[in-house]
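Residue-level structural notes
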Amino acid sequence: MSKPVEAESLTLTTADGYPIAALRYPAAGATRAHLVVAGATGVPQGFYRRFAQYASSCGYNVMTLDYRGIGLSKPASLKGFRMDYLDWGRQDLAAAVDAMSAPGLPLYMVGHSYGGHAFGLLPNHDKVDGLYTFATGAGWHGWMPPAERLRVLLMWRVAGPVIVRIKGYLAWNWMGMGEDLPIDVYRQWKRWCTFPRYFFQDPQMAHIAAAYASVRSLIMACNALDDLWARPPSRNAFMSAYRNAGWQSTDIDPRQAGLGPIGHMGYFKAHCTPLWEGALGWLEQHGRIGPAAPSR
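Residues numbered from 1 in each chain as written. Predicted model: local features only at pLDDT ≥ 70, side-chain atom pairs only at ≥ 80, totals over all residues. Heavy atoms only, no water.

**Points about a nonpolar patch on the surface**
Judged by side-chain polarity, Leu-150, Leu-154 and Val-158 come together as a nonpolar surface patch covering roughly 280 Å² of accessible area. Here Val-158 shows up in helix α4 (residues 146-167). On the basis of relative accessible area, Val-158 is assigned to the partly exposed category, the value being 46%. (Patch = residues over 30% accessible without salt bridge, like charges linked within 9 Å, V, L, I, M, F, W, Y side chains within 5 Å. Areas by Shrake-Rupley, 256 points an atom, 1.4 Å probe, with all protein chains shown as cover. Salt bridge = Lys/Arg side-chain N within 4 Å of Asp/Glu carboxyl O. Helix = DSSP H or I, 4+ residues; strand = E, 2+ residues; numbered from the N terminus. Buried < 20%, exposed > 50% of the residue type's maximum accessible area, 1.4 Å probe, protein only.)

Take a look at the structure:
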């Protein structure tokens, strides 16, 4: 691979006026396609830097972003900061899709966990030619193995409420689990994870199924068998809502693939480069693609 490109910092303005910090990695040589990286809950965009640089070296013009309340898009203090968890998709990610959509070239999305949730929330998902998502699942503890199930229940029922009461938001870094989360993200996420099919079974969210049913874009959902948070049954429980998208799935056995441990976060670490190749290859095979990238 050639020397990694330097990212360009920019600010996106959402439809509701919130400034979103983003990075754009220009394609090496002729641009084959545009690509938006839709990150996981509590994961800043810098985590996806290696993947974005890899995709840019393959001829993709790539954008990453920090959702509101996360990373460079958070206020000086999360205490008192209010928002809707759904706005990460329908506002923040939608702004990135608009910014990266251009005539003549395809636009793809690569998601991680929440990124697969967010696609159905996009008011402009019709601009995206294909989604390849890693580690997307329904979040219900019952889909997890017993030890992880217990750990997650302790987080939701014991540690989380205590920390939120003290801080006014979920100081997730106290538990070594990621970025601090706004209180509304914590409350909504906690509620939806009590349902086997996430918010699709929440009586207050009955309207949301229609949005996911309207998606027609190509979708592939990839899950590692050692991912304790998003095992294949959990993925299937959520992804079935994309019932008109003709979504596909693939399971990765890290040992058989010779990749080493993946878990819920390893998909975007350097040892999983073969998964990146597979994701871009699938998008190119099933969607439109521009001029050939230069040899690397």
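**Remarks on α4**
A rise of 1.5 Å per residue sets the reference length of α4, with its 22 residues, at 32 Å; its end C-alpha atoms lie 30 Å apart and thus fit the reference within 8%. Along its length, α4 shows its largest kink, about 45°, at Met-155. Buried residues of α4: Glu-148, Val-152, Leu-153, Met-155, Trp-156, Gly-160, Pro-161, Ile-163 and Val-164, and no others. If you follow the buried residues of α4, they end up packed against α5 (183-192). Gly-168 occupies a position one or two residues after α4 and carries a positive phi of about 90°. (Expected span 1.5 Å × (residues − 1). Bend = angle between axes of the 7 residues up to and from the residue. Contact = heavy atoms within 4.5 Å.)

**Considering the environment of Ile-70**
As for its position among the elements, Ile-70 is in the loop between β4 (60-65) and α2 (87-100). Remark: the alpha-carbon pair of Ile-70 and Glu-179, spanning 109 residues in sequence, is separated by 6.8 Å.

**A closer look at the UniProt feature "domain: Serine aminopeptidase S33" (unreviewed entry) in the chain**
Within this structure's numbering, the places UniProt gives as "domain: Serine aminopeptidase S33" (unreviewed entry) are residues 36-163. Helix and strand shares over residues 36-163 are 36% and 16% respectively, and the end C-alpha atoms of the span are 33 Å apart. (UniProt positions renumbered as here; feature names shortened; annotations may be inferred.)

**Focus on helix α7 (residues 232-239)**
Within α7, 6 of the 8 residues are buried, which leaves it mostly tucked inside the rest of the structure. When α7 is considered as a whole, its buried residues turn out to be Pro-232, Ser-234, Arg-235, Ala-237, Phe-238 and Met-239. Close packing links the buried residues of α7 with α3 (114-118), β6 (130-134), α6 (208-213), β7 (218-224) and β8 (248-252).

**A few points about unusual backbone geometry**
Here the phi dihedral of Ser-113 falls at roughly 55°; this positive angle occurs in a residue that is not glycine. In this structure, Ser-113 sits in the loop between β5 (107-112) and α3. What makes Ser-113 buried here is its relative accessible area of 14%. The phi angle at Ala-135 is positive, at roughly 65°, despite the residue not being glycine. Its relative accessible area of 1% is what places Ala-135 among the buried residues.

**Some details on the packing of α4 against α5**
Axis separation between α4 and α5 bottoms out at 12 Å; the angle between their running directions is 160°. Relative to α5, the element α4 lies roughly antiparallel. Read as a crossing pair, α4 and α5 show a hand that is left-handed. Only Ile-183, Tyr-186, Trp-189 and Lys-190 of α5 make contact with α4, whose side of the interface consists of Trp-156, Gly-160, Pro-161 and Val-164. (Axes fitted to C-alpha atoms, helices over the stretch in contact; angles between N-to-C directions. Parallel < 35°, antiparallel > 145°, perpendicular 65-115°, else oblique. Left-handed = near helix turned anticlockwise from the far one by under 90°.)

**What about the pairing of strand β1 (residues 8-13)?**
Where β1 and strand β2 (residues 19-25) come together, 6 bridges link them in antiparallel fashion. Paired with Leu-12 across the strands is Ile-20, a residue of β2. Where β1 hands over to β2, the hairpin turn is made up of 5 residues, of which Gly-17 adopts a positive phi near 90°. (Pairing = 2+ DSSP bridges.)

**Considerations on empty space enclosed by the protein**
A water-sized probe rolled over the atoms picks out the places where empty space is left. Scanning all chains against the criterion turns up 1 cavity of 30 Å³ or more. A volume near 40 Å³ is recorded for the largest cavity. Taken together, Val-37, Gly-39, Val-43, Gln-45, Tyr-48, Thr-64, Leu-65 and Tyr-67 make up the lining of the largest cavity. Each residue belonging to the lining of the largest cavity can be placed in one class, and the counts come to 5 nonpolar, 3 polar and no charged. (1 Å grid on protein atoms, 1.4 Å probe; cavity = no way out; pocket = protein on both sides within 12 Å on 5 of 7 lines; lining within 4 Å. Points joined across faces, edges and corners; volume = space filled by probe spheres on them. Nonpolar A, V, L, I, M, F, W, Y, C, P; charged D, E, K, R; others polar.)

**Re the sheet that holds β1**
In space, the 8 strands of this open sheet follow the order β1-β2-β4-β3-β5-β6-β7-β8, with mixed pairing throughout. Edge positions in the sheet fall to β1 and β8, since each has one partner strand and no second. Between one strand axis and the next, the sheet turns by 20° as a mean value, whatever way the strands run. Note that β6 and β7 share 5 bridges and pair parallel. The residue bridging Phe-134 from the neighbouring strand is Cys-222, located in β7. Of the strands in this sheet, β2, β3 (33-38), β4 and β5 are in contact with helix α1 (residues 49-57), which crosses β4 at around 160°. The sheet contacts of α2 involve β1, β2, β3, β4 and β5, and relative to β4 the element is tilted by about 155°.

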